[in-house]
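# Survey of secondary and tertiary structure
In case you want the letters, here they are:
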Amino acid sequence: MVCRGWSRGGAASGLGKADAAALVQEGAKVVITDINEQAGRELERALNAMTPGSAFFLAQDVSSESRWQEVFAEIRRRFGGLHIMVNNAGMVVIGTPESATLEQFHAHLRVMTDSVFLACKYGIGLMKDSGGGSIINMCSTATHLGYPVFYAYTAAKGAVRSMTKAIAVHCQMNHYNVRCNSIHAGAIDTPMVVKATQELGYPESAIVGIGVVLLVCTLLYLFPRTSILGAILLTGYLGGALASQVRVQASWFNVVFAFVFACVVWGGLWLRDPRVRQFLR
Ligand SMILES: NC(=O)c1ccc[n+]([C@@H]2O[C@H](COP(=O)([O-])OP(=O)(O)OC[C@H]3O[C@@H](n4cnc5c(N)ncnc54)[C@H](O)[C@@H]3O)[C@@H](O)[C@H]2O)c1
């Protein structure tokens, strides 16, 4: 039997679901927790159908302190140890530094920051007693880039990034044999990202189309024979992006960025295509 306890907060959908399946394939026993009980139970059934006895679901609101204590007690009782813990639960609501409400801000902190705080406060001891392990905190490129329309999300992930460093150093200084890392992913097609795109005013069915249009415009721009057509199409695309930013009352930076990007597109063409220079003479 593979004695490898693995727990994941907020794992019933998107990246958590994919991680759980990958870990089961690697031979781990996984404990999936999520506030969405129905999705969690479905995933538990699917994983156990794939590898009998590999998955166990516990309903959990990751912002509840008492529930974390119960979850770890159950993992200790059932599996005797914990070696990998992924803090994955997430949410995102559109809101800029001026439009986000305090309630939205606190909701993001509860789901993504309180959860990491509580998971580590009560989970490190169990991992240490299990001989060591790895804590993985799901972060985002938002921590480095700062997304004004996802202001509360950016704040919560920024805190997690700093907490990850403190946790890693704490475990190392105490010789716990427990690592702690954060993963800073860009945009990945999951239910959370679909919801955020819909809030920008686009239906889910349009998401792939929007990506394909951008790809085609960029390819046309890159090939010298079609570069002028590509630049014209990219300008139209960026006009649409600018209109979306205005609609969601994004910061002036986001609005101006689309305009500056269009200038860079045409400036680049001016530098590499003598026909454009000739035309402007
Ligand atoms: N998808 C991306 O592009 C992307 C990029 C960077 C980082 N991330 C991060 O990866 C993680 C997973 O995101 P995803 O895209 O798979 O989203 P997702 O919406 O598919 O999954 C998030 C899960 O968290 C659960 N959850 C929400 N609130 C909870 C709570 N209070 N208690 C317990 N569970 C709760 C949801 O039920 C859901 O199953 C998140 O932390 C997200 O910020 C995602």
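Residues numbered from 1 in each chain as written. Predicted model: local features only at pLDDT ≥ 70, side-chain atom pairs only at ≥ 80, totals over all residues.

## Digging into the overall build of the chain
- Of regular secondary structure, the chain possesses 11 helices and 6 strands.
- Viewed in the frame of its principal axes, the chain has a C-alpha envelope of about 80 × 40 × 35 Å.
- Classification of the 281 residues of the chain by burial places 36% in the buried group.
- Sequence separation of 24 or more characterises 65% of the internal contacts of the chain that already satisfy a separation of 6 or more. (Helix = DSSP H or I, 4+ residues; strand = E, 2+ residues; numbered from the N terminus. Buried ≥ 20, exposed ≤ 12 C-beta atoms within 10 Å, placed from the backbone. Contact = placed C-beta atoms within 7 Å.)

## A word on helix 9 (residues 227-247)
- When the terminal C-alpha atoms of helix 9 are compared, their 30 Å separation across 21 residues agrees well with the 30 Å that a helix rising 1.5 Å per residue should span.
- If you check which residues of helix 9 are buried, you get Gly 230, Ala 231, Leu 234, Tyr 237, Leu 238, Ala 241 and Gln 245. Relative to the axis of helix 9, the buried residues are bounded by an arc of 125° and lie together on one face. For helix 9, exposure combined with an orientation more than 90 degrees from the buried face picks out Gly 236, Gly 239, Ala 243, Val 246 and Arg 247.
- Its buried side turned inward, helix 9 meets helix 8 (206-222) and helix 10 (252-272). (Expected span 1.5 Å × (residues − 1). Arc of directions from axis to C-beta.)

## Some details on the domain arrangement of the chain
- In terms of domain boundaries, the chain breaks down into domain 1 (5-188) and domain 2 (200-280).
- Computed from C-alpha coordinates alone, the two centres of domain 1 and domain 2 are separated by 37 Å. (Domains from an automatic or database assignment.)

## Describing the packing of helix 8 against helix 9
- The interhelical angle for the contact between helix 8 and helix 9, taken along N-to-C directions, is 145°, at an axis separation of 7 Å. In terms of crossing hand, the pair formed by helix 8 and helix 9 is left-handed. Note on element contacts: helix 9 touches helix 8 through Ser 227, Leu 229, Gly 230, Ala 231, Leu 233, Leu 234 and Tyr 237, opposite Val 213, Leu 214, Cys 217, Leu 220 and Tyr 221.
- Across the contact of helix 8 with helix 9, the residue classes tally to 10 nonpolar, 2 polar and no charged. (Axes fitted to C-alpha atoms, helices over the stretch in contact; angles between N-to-C directions. Left-handed = near helix turned anticlockwise from the far one by under 90°. Nonpolar A, V, L, I, M, F, W, Y, C, P; charged D, E, K, R; others polar.)

## Here we look at the environment of Ile 210
- Note that Ile 210 resides in helix 8.
- Note: C-alpha distance between Ile 210 and Tyr 237 (27 residues apart in sequence) is 9.1 Å.

## Digging into helix 2 (residues 37-50)
- With 14 residues, helix 2 ought to run about 20 Å at 1.5 Å a step, and its terminal C-alpha atoms sit 20 Å apart, in line with that.
- Where the residues of helix 2 are buried, they touch helix 1 (14-25), strand 2 (29-34) and strand 3 (55-59).

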